[in-house]
Amino acid sequence: MTKNFARHSLVAAIAAIATTGVALQAHAATEVNLGHTLSSSSHYSVGADAFKETLEELSDGAYTVNEHPSGSLGGEREMIEGLQIGTVDFVITSTGPLGNFVPETYVLDLPFLFEDYEEARCVLDSDLGDELLAKMSDHNLVGLAWSENGFRHMTNSQREIATPEDAEGLRVRTMENSVHQEAFRQMGARPTPMAFPELFTALQQGTVDGQENPITVIVATNFWEVQDYLSLTGHVYSPAVVLGSPIFMDGLSEEERGWFEQAAQASAEATRAEVSRLEREGVELLEEKGMTVKTDIDVAPFQEAVEPAYEIFTSEYGNEMLERVQEKASNC
C-alpha cells in the first residue's frame, strides 16, 4: 500500500507540474513596445505610464508594455516608419513630422491657429478630430488618441526675442515640417530641420542658435543648460498623437482592440494633465534655472510675418480642412 501511495503521489505531482506549465504558457504576457523621443521624466512618459497601467489592468496581465524613451527607437519620423513596417508597436509623437505621412494633419501645425488650450482640445476632441484620426488608416497607421505637447515658444543662446526682426539670422532648429520651416523663414530666421534626439548636442556645439518647443519639452530636456533666452511667443499649438502599428492592431480581437483604445485615451488624458501642470509651474522653474524669459509679447507682428505659411498650405492642400477647423474652433 505504501508503494502504491508513493506511486500515485508521484504521478499526481508530475501531472500538477505539467498543468502548471501549461497554465503559465497560456498566461504568458505578450510584450509590446511604446516609443517616444522625450526623457523618462517627461509628459510623454507620464502618458506612457498611463497607457501601460490601463492596458495591463484591462487585459489582466495578458499584455505588458515596455516604454522606450529618449529616442531609443529613433527619431519621430523613424518611429512612424517603424509602425508602418511593424518594427514598432506604438508611438507617442508630435504632429510635426506626421504631415509627411498624413498630409491632412498639416493643418494642425499652422501658426496661431488656436487661441488657447480650451479651443485646441475642443477641436481635437470633436468629430473633426475623430475624422483626422481615421484618415491615418489610409496611410498605413492607426490613430488612437489626440495627446498633447502644448503651445510652442522660442529659445536661443544669442538674444531676447520680442519681435520677428529679433529672430533674423538666427539658426533655429525646426521639425521636419514644411509649414513650420516657412513660418520661420518669413521671420528672417534660418530654419534648420533635424531629428529631436540630435537637438541638445547641436545646441551645445553651436550648430544651431535656438529651437522652438512647448514649455513641457523645454523643461523635460533641460534646455536651460544650453539656452539663455525664452520668448513666450505661443506661435503654434503642438498636438501629439498616440499611434499604433496596423500590423499589430490587425492581429487583435475586437475586445483586445478596445483595451488598447482605452489605454491610448488614458495616456492622452494623463499627458494633457501634465501639460497643464507644467504650463502653470514650468516658466518659474526655467527662470530659477537662469533663463531670461520674455513674457509680454505682442503676437500681432508675428502673426503678420507668418501669414505666407497659410498661403503655402492652401496652395497645396486647399482651403476646405482649414476652414472646417476654423469654423469648429469658433464654435468651441
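Quick caveat, the model's predicted, so the values are computed rather than measured.

Thresholds applied
- Residues numbered from 1 in each chain as written.
- Predicted model: local features only at pLDDT ≥ 70, side-chain atom pairs only at ≥ 80, totals over all residues.
- Heavy atoms only, no water.
- Helix = DSSP H or I, 4+ residues; strand = E, 2+ residues; numbered from the N terminus.
- Buried < 20%, exposed > 50% of the residue type's maximum accessible area, 1.4 Å probe, protein only.
- Contact = heavy atoms within 4.5 Å.
- Areas by Shrake-Rupley, 256 points an atom, 1.4 Å probe, with all protein chains shown as cover.
- Lys, Arg positive; Asp, Glu negative; His and termini not counted.
- Charge placed at Lys NZ, Arg CZ, Asp CG, Glu CD.
- Phe/Tyr/Trp six-rings, centres within 6.5 Å; stacked < 30°, edge-to-face > 60°.
- Polar contact = N/O pair within 3.5 Å; in protein donor to acceptor, adjacent residues only side chain to side chain.
- Axes fitted to C-alpha atoms, helices over the stretch in contact; angles between N-to-C directions.
- Left-handed = near helix turned anticlockwise from the far one by under 90°.
- Nonpolar A, V, L, I, M, F, W, Y, C, P; charged D, E, K, R; others polar.
- Salt bridge = Lys/Arg side-chain N within 4 Å of Asp/Glu carboxyl O.
- pLDDT = per-residue confidence, 0-100.

Student: So what exactly am I meant to see when it comes to the overall build of the protein here?
Tutor: On a plain count of helices and strands, the protein comes out with 13 helices and nine strands. Dimensions of the protein, computed from C-alpha atoms along their principal axes, come out at roughly 100 × 45 × 30 Å. Each of the 332 residues in the protein was classed as buried or not, and the buried ones make up 52%. Put simply, of all contacts in the protein between residues at least 6 apart along the chain, 75% involve residues at least 24 apart. Just so you have it, the protein exposes about 14800 Å², and 47% of that area is on carbon and sulfur atoms. Averaging the positions of the 20 positive and the 55 negative side-chain charges in the protein gives two centres separated by 6 Å.

Student: How should the packing of aromatic side chains be read in this particular structure?
Tutor: Tallying each qualifying case throughout the model produces 16 aromatic pairs. Ring geometry for Tyr 63 against Trp 259: centres 6.4 Å apart, planes inclined by 70°, an arrangement best described as edge-to-face. On the criterion of sequence distance, the pair formed by Tyr 63 in strand 2 (residues 63-68) and Trp 259 in helix 10 (residues 254-288) is long-range, its members being 196 residues apart. Residue class for Tyr 63 comes out buried when judged on its relative accessible area of 8%. Accessibility expressed as a relative area gives 14% for Trp 259, which makes it buried. A connected cluster of aromatic rings, assembled from ring pairs, spans Phe 51, Tyr 63, Phe 90, Phe 248, Trp 259 and Phe 260.

Student: How should helix 6 (residues 178-186) be read in this particular structure?
Tutor: An α-helical turn contains 3.6 residues, so a residue and the one three or four places further along point in the same direction. Looking at helix 6, one finds that the buried residues are Val 179, His 180, Gln 181, Glu 182, Ala 183 and Phe 184. Where helix 6 is buried, its residues contact strand 4 (142-156), strand 5 (171-174), strand 6 (190-193), strand 7 (210-214), strand 8 (229-244) and helix 12 (307-317). Between the side-chain oxygen of the N-cap and the backbone nitrogen of Val 179 there are 2.9 Å, and the N-cap of helix 6 in question is Asn 177. Of the residues trailing helix 6, Gly 188 is marked for its positive phi of about 90°.

Student: Help me out: how do you make sense of the packing of helix 6 against helix 12 in this one?
Tutor: A packed helix pair is summarised by two numbers, namely the angle formed by the two axes and the spacing between the axes. Between helix 6 and helix 12, the shortest axis-to-axis distance is 8 Å and the interhelical angle comes to 145°. The crossing of helix 6 and helix 12 is right-handed. In contact with Val 179, Glu 182, Ala 183 and Gln 186 of helix 6, helix 12 contributes Pro 308, Ala 309 and Ile 312. Tallied by class, residues from the contact of helix 6 with helix 12 come to five nonpolar, one polar and one charged.

Student: Mind showing me how you'd approach the pattern of salt bridges here?
Tutor: Two side chains that carry opposite charge are able to pair once their charged atoms sit near each other. Tallying each qualifying case throughout the model produces 13 salt bridges. One salt bridge connects Arg 324 with Glu 131, and the closest N-O pair in it is separated by 2.7 Å. Taken together, the positions of Arg 324 in helix 13 (residues 320-330) and Glu 131 in helix 5 (residues 127-135) put the pair 193 residues apart, joining distant regions of the chain. A cluster of three or more residues bridged by salt bridges with shared partners is formed by Glu 274, Arg 277 and Glu 281.

Student: Teacher, can you tell me more about the confidence of the model for the protein here?
Tutor: Detailed reading of the predicted coordinates is not advisable wherever pLDDT falls low. Overall, the predicted model of the protein reaches an average pLDDT of 92, with 92% of residues at or above 70. Scored below 50 in pLDDT, residues 1-7 makes zero contacts in the model with residues more than four places away or belonging to other chains. Low pLDDT, under 50, characterises residues 10-26; the stretch is placed with zero contacts to residues that sit more than four places away or in other chains.

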